[in-house]
Amino acid sequence: MEWDWDFVWQIMPTLLEGFKITILATILGAAVAMVAGLGLAIARRSPVAAVSRTVGFVSEFIRGTPLLVQLYFIFYVLPDIGIRLSPLTAGVIGMGIHYATYTAEVYRAGIENVPRGQWEAAKATNLTTRQAWIHVVLPQAIPPMIPALANYFIAMFKETPLLSAITVLELMNQAKSIANSNYRYIEPMTLVGIFFLIISLISVVGLRWLEERYARMDD
């Protein structure tokens, strides 16, 4: 089968629409993962054993099951108990919660690397626990985490084709629809690969920049 440039220009607008959804799902999913991951990390450090163990068990369970199964559960099973979500919302929540369990470990490691003396200094200056977290602990803990968190952002972007399983009209779903309708697979699937490759390369360059910047800050 020969490459057809006319077909490429014909399908490009549809693929770009799907690409926009892919980027949107990645950004929103990452936002959920970052916020929820921080909450899980703090809960894992709870002095209440029941809270810490419960959160730990739930996190291990989520990490131990495939993201695709979780997406199916959210989109196809939850409606049976009256919880109906749009495909994109279900996808964002599914990816966000799944990756929150991974970012939580990054947060937890970063928080535990903050010297104990910093906590004691915060208490000595009469800061509340909330103020200590916001003004003392997190500003020191988060910068070293950025490269690892960026890696999970890239991984999430590469996982977005799974959203086609719950009818999200992201890039892969649009490409499959075009290919099945026209019985031509080489152009749409090749373009999908190119789109993912370009964004992945841009993300890797950005990640290297962040790592170098953090290394200079350390020096």
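Refer to the structure printed above.
Residues numbered from 1 in each chain as written. Predicted model: local features only at pLDDT ≥ 70, side-chain atom pairs only at ≥ 80, totals over all residues. Heavy atoms only, no water.

Novice: Mind showing me how you'd approach the packing of aromatic side chains here?
Specialist: The geometry of an aromatic ring pair is captured by the separation of the ring centres together with the interplanar angle, meaning the angle of the planes. Summed over the entire model, instances satisfying the criterion amount to nine aromatic pairs. Each ring, one from Phe19 and one from Phe195, has its centre 4.9 Å from the other, and the planes form 25°; the classification is stacked. Within this pair, whereas Phe19 is found in helix H1 (residues 5-44), its partner Phe195 is found in helix H8 (residues 186-218), the two being separated by 176 residues in sequence. Classification of Phe195 as buried rests on a relative accessible area of 15%. Judged by centre distance (5.2 Å) and plane angle (35°), the ring pair of Tyr72 and Tyr76 falls under tilted. (Phe/Tyr/Trp six-rings, centres within 6.5 Å; stacked < 30°, edge-to-face > 60°. Helix = DSSP H or I, 4+ residues; strand = E, 2+ residues; numbered from the N terminus. Buried < 20%, exposed > 50% of the residue type's maximum accessible area, 1.4 Å probe, protein only.)

Novice: I would appreciate a short explanation of the side chain of Gln70 in the present structure.
Specialist: Relative to the helices and strands, Gln70 is located in helix H3 (residues 67-77). For Gln70, a relative accessible area of 14% gives the class buried. In contact with Gln70, not counting residues within four places along its chain, are Ile62, Thr65, Gly94 and His98. (Contact = heavy atoms within 4.5 Å.)

Novice: I would appreciate a short explanation of H1 in the present structure.
Specialist: In an α-helix, one turn spans 3.6 residues, which is why side chains three or four residues apart end up on the same side. With 40 residues, H1 extends 54 Å from end C-alpha to end C-alpha; this agrees with the ideal 58 Å at 1.5 Å per step. Remark: the principal bend of H1, roughly 40°, maps to Met12, with a proline, Pro13, within the next four residues. (Expected span 1.5 Å × (residues − 1). Bend = angle between axes of the 7 residues up to and from the residue.)

Novice: Explain the environment of Gly110 here, please?
Specialist: Within the secondary structure, Gly110 sits in helix H4 (residues 87-112). Of the residues examined, Gly110 reaches a relative accessible area of 12% and is grouped as buried. On a C-alpha basis, the gap between Gly110 and Ala150 in space is 14 Å, while along the polypeptide they are 40 residues apart. Gly110 has contacts with Ala141 and Met145, leaving out every residue within four places of it along the chain.

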